[in-house]
Structure formats: C-alpha cells, structure tokens
Amino acid sequence: MPELPEVETVRRGLAPVLEGARLTRVEQRRPDLRFPFPEGFVQRLTGATLTRLDRRAKYLLGHLDRGDVLVMHLGMTGRFEIEAAEGTVRPGEFIYAAPPDPKHAHVVFETDRGGRVTYSDPRRFGFMGLIPAGAVESHPWFAGMGPEPLGPDFDASLLARAFAGRKQNAKVLLLDQRIVAGLGNIYVCEALHRAGVSPLKPAGKIPRARLGPLVAVIREVLEEAIAAGGSTLRDFAATDGALGYFQHRFQAYGREKEPCGTPGCGGTIARIVQGGRSTFYCPRCQR
DNA sequence: CCCACGACCTGTGGGC
DNA sequence: TGCCCACAGGTCGTGG
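Residues numbered from 1 in each chain as written. Chains lettered and ligands numbered in written order. Predicted model: local features only at pLDDT ≥ 70, side-chain atom pairs only at ≥ 80, totals over all residues. Heavy atoms only, no water.

Colleague: Account for the sheet that holds strand E6 (residues 105-111), naming residues and giving values.
Modeller: Here 8 strands make up an open sheet; going across it, the order is E5-E7-E6-E1-E2-E3-E4-E8 and the pairing antiparallel. Edge positions in the sheet fall to strand E5 (79-83) and strand E8 (127-132), since each has one partner strand and no second. The mean inter-strand angle of the sheet, taken between neighbouring strand axes irrespective of direction, is 30°. When strand E1 (residues 21-28) meets E6, the two strands line up antiparallel, connected through 5 bridges. From the neighbouring strand, Val26 faces E6, where its bridge partner is Phe109. (Pairing = 2+ DSSP bridges. Helix = DSSP H or I, 4+ residues; strand = E, 2+ residues; numbered from the N terminus. Axes fitted to C-alpha atoms, helices over the stretch in contact; angles between N-to-C directions.)

Colleague: An account of the pattern of salt bridges is needed here, citing residue identities and associated values.
Modeller: Tallied over the entire structure, the rule returns 19 salt bridges. The partner of Arg116 in a salt bridge is Glu83, with the nearest N and O atoms 3.5 Å apart. Taken together, the positions of Arg116 in strand E7 (residues 116-120) and Glu83 in strand E5 put the pair 33 residues apart, joining distant regions of the chain. The exposure class assigned to Arg116 is partly exposed, which follows from its relative accessible area of 33%. Classification of Glu83 by relative accessible area gives buried; the value is 15%. Salt bridges sharing common partners tie together Glu8, Arg11, Arg12, Arg55, Arg56 and Glu148. (Salt bridge = Lys/Arg side-chain N within 4 Å of Asp/Glu carboxyl O. Buried < 20%, exposed > 50% of the residue type's maximum accessible area, 1.4 Å probe, protein only.)

Colleague: Residue-level account of the pairing of E6, with values.
Modeller: In regular strands, side chains alternate between the two faces of the sheet. Among the 7 residues that make up E6, 7 are buried, leaving the element largely enclosed by the rest of the structure. Hairpin connection of E6 to E7: 4 residues between the antiparallel strands, including Gly114 at a positive phi of 90°.

Colleague: Give a description of unusual backbone geometry that names residues and reports values.
Modeller: Of note in this structure, Ala57 is not a glycine but carries a positive phi near 55°. For Lys257, which is not a glycine, the phi torsion comes out positive at approximately 75°. With respect to the element layout, Lys257 can be found in the loop between helix H6 (208-227) and strand E9 (270-274). Residue classification places Lys257 among the exposed residues on the basis of a relative accessible area of 68%.

Colleague: Account for the packing of aromatic side chains, with residues named and values stated.
Modeller: Within the structure shown, the criterion is met by 11 aromatic pairs. Each ring, one from Phe37 and one from Phe41, has its centre 4.9 Å from the other, and the planes form 50°; the classification is tilted. Classification of Phe37 as buried rests on a relative accessible area of 9%. Each ring, one from Tyr59 and one from Phe142, has its centre 4.7 Å from the other, and the planes form 50°; the classification is tilted. A residue pair is termed long-range when its members are at least 10 positions apart, and Tyr59 in strand E3 (residues 59-64) and Phe142 in the loop between E8 and helix H3 (156-163) qualify at 83 residues. The exposure class of Tyr59 is buried, given its relative accessible area of 9%. Phe142 gets classed as buried once you look at its relative accessible area, which sits at 5%. (Phe/Tyr/Trp six-rings, centres within 6.5 Å; stacked < 30°, edge-to-face > 60°.)

Colleague: Help me get a handle on the protein's contact with DNA strand B, residues and values and all.
Modeller: The environment of DNA strand B is made up of 9 residues, and the closest members are Lys103, His104, Pro122, Arg123 and Arg166. Per the 4 Å cut-off to the protein, sugar and phosphate atoms form 64% of the nearby atoms of DNA strand B. Within the side chain of His104, an N or O atom sits 2.7 Å from a phosphate oxygen of DNA strand B. Between DNA strand B and the protein, one listed contact pairs a phosphate oxygen with a backbone N or O atom of Gln168 at 3.3 Å. The class makeup of the residues in the surface near DNA strand B is 2 nonpolar, 2 polar and 5 charged. (Near = heavy atom within 4 Å. Polar contact = N/O pair within 3.5 Å; in protein donor to acceptor, adjacent residues only side chain to side chain. Nonpolar A, V, L, I, M, F, W, Y, C, P; charged D, E, K, R; others polar.)

Colleague: Explain the packing of helix H5 (residues 185-195) against H6 to me, using residue names and the numbers behind them.
Modeller: Where H5 contacts H6, the axes come no closer than 9 Å and their chain directions differ by 130°. On the basis of their axis angle, the class for H5 and H6 is oblique. Note on packing geometry: the crossing formed by H5 with H6 is right-handed. Contacts between H5 and H6 involve Tyr187, Glu190, Ala191, Leu192, Arg194 and Ala195 from the first element and Arg210, Leu214, Val217, Ile218, Glu220, Val221, Leu222, Glu224 and Ala225 from the second. (Parallel < 35°, antiparallel > 145°, perpendicular 65-115°, else oblique. Left-handed = near helix turned anticlockwise from the far one by under 90°. Contact = heavy atoms within 4.5 Å.)

Given below as structure tokens:
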C-alpha cells in the first residue's frame, strides 16, 4: 500500500539511520524485484555516503556523494526494517524493529555506524534504480509526473485543467500519477468521501466550485495520515516497527456495509470496482 | 489520445 | 479444523 503518507513515514524513519552514513556493505540477494537491479548495483553503492533521503510521490530518493541517486519504490508490500547497533538507540528515537522476514529479504544495507537496513517485499512489486543526479527529473519514472499533492502546485486550477472535458470518473483520475503524484486507492476513497464527491462522477462534470474543497480535503487527509504515522495494513508498518494508526480513522475504505459516518447521513458504505480496483463510498452523501 | 483490462507475485482472511 | 479463492497498498503494457 504504501501510499504517500506511508512512504513519508518510512522516509522519516530511515533518515536518521541513513543520512550522513556510509554504506559499508550492500547485499543484493536476487537479480530483480519488479525490474532487474541496475548493472553494478552493489559496487556503485558500496562505500558511498548517503547524504540526503528525499521523497517524491511514492518514491524514496537517496542522494549519494558519488553523484547517483538511489531510487526506491515499495510497490505494494515493500518494507524496510531497521536493526540498530548496540547503544546507538537514543531513548525515544526509534524502536527496534522485528527481525527481517528472511524469506523475502532482498536487499541489505549496512552502514559505518553499525546499523543495518533490510528491504523485504513478498510480492516484489517494488523496485530500485540508480540514476545520475542530473537525470532524475527526465527519467521515465519521473518525467510527466504530476505535482506533489502537498506541494504548492496542486490546486483547484490544476484539477480544473486536468478534469476539463474528461468523461472518466473522478476516482480513476485522482489515481493517475500524471495529474497528481502520490495518491493511492485508500486516500482517494477517503478524500472523496470527506469531500462528498461521488467516485462515479465524470471528472469534467464536477463543478469548479467543488474543486477547491476537494483539494483541501486531499491535503487534510494526507497530513492527518502522516501525523498518525501512516496506516498499518497487512504489509505496512512504520520503519521503526511501530504501528501507524491512521487506519482506525478510515471512514470509507474497507467499511463495506457499515453505516456512513457522515453526521446525519444515514447511508451505508458500498463497494464497487473501478479500473479494476475497489472503491468504497457512500451512495447517499457522495454526489 | 482515451480507456479497460490483464500481468506481475505471494500471502492471507473469510467463507464454507 | 481445514481448504479454497477472492482480493490486497502500485505500475506497466497491450489492444480495442
């Protein structure tokens, strides 16, 4: 799942372990994840210092002092587990994570501080790449990607332009990373529910006046989820092993047949399939 | 260009 | 209790 809030939670968990650390040992335990690892993956990383860990949409970007950027995507079931060296855990900083699932531990990074970060991913929909720093923006993974939903370029006029004349429903278009990059199935369901916008509504027919509020609730949902440490579903926990709590606040996602929580609504959450994926919504208060 | 759908993988929760 | 299958956070490629 990891959607933007979960990836951001992972970034915040990994940053204190990796930023400024030199990778003393890198182990690549299979030739591919979703895609093959790049040529010389281990050699190009070993000995490099990771200067900064950023996030763009659902991607993590580890900037290396050698000029490459380590790009990592968690797919559906990717996770990082941290093992800290004895004595390096300051109280309250991060908690020891469960031992990495050995069956699906595909990449191991060890640092000069004695920490170890293991990437595991049962379904292997995740992937990693090494891209020269100057070529990230133009790389196919990033070229054509829409703005960050929490950034300044995501606003009502951008949505108005993207939705104009489109017959495709709002749900599917909000999942299109070319329009806005970082939303996934859960948070689109939640945002549309909060905004009272039907996922079935042709995007081009949403009145312009409703787009500002839609943008606002998208930001709100993502920010609340980040503040809560993301959502812990089957395959996601924050990097420190602590559980995210946002899933307890889902109002629509996974709540088929439950009463709608919108005050005074009285409707029942329904599940439909759009673009091959489940949509949860309230047919009564989402119009 | 637009859109629907299958493919990629493995694990698991819920129903019977 | 045990088995089976529908379904799962994402993205990419194909074909109409």
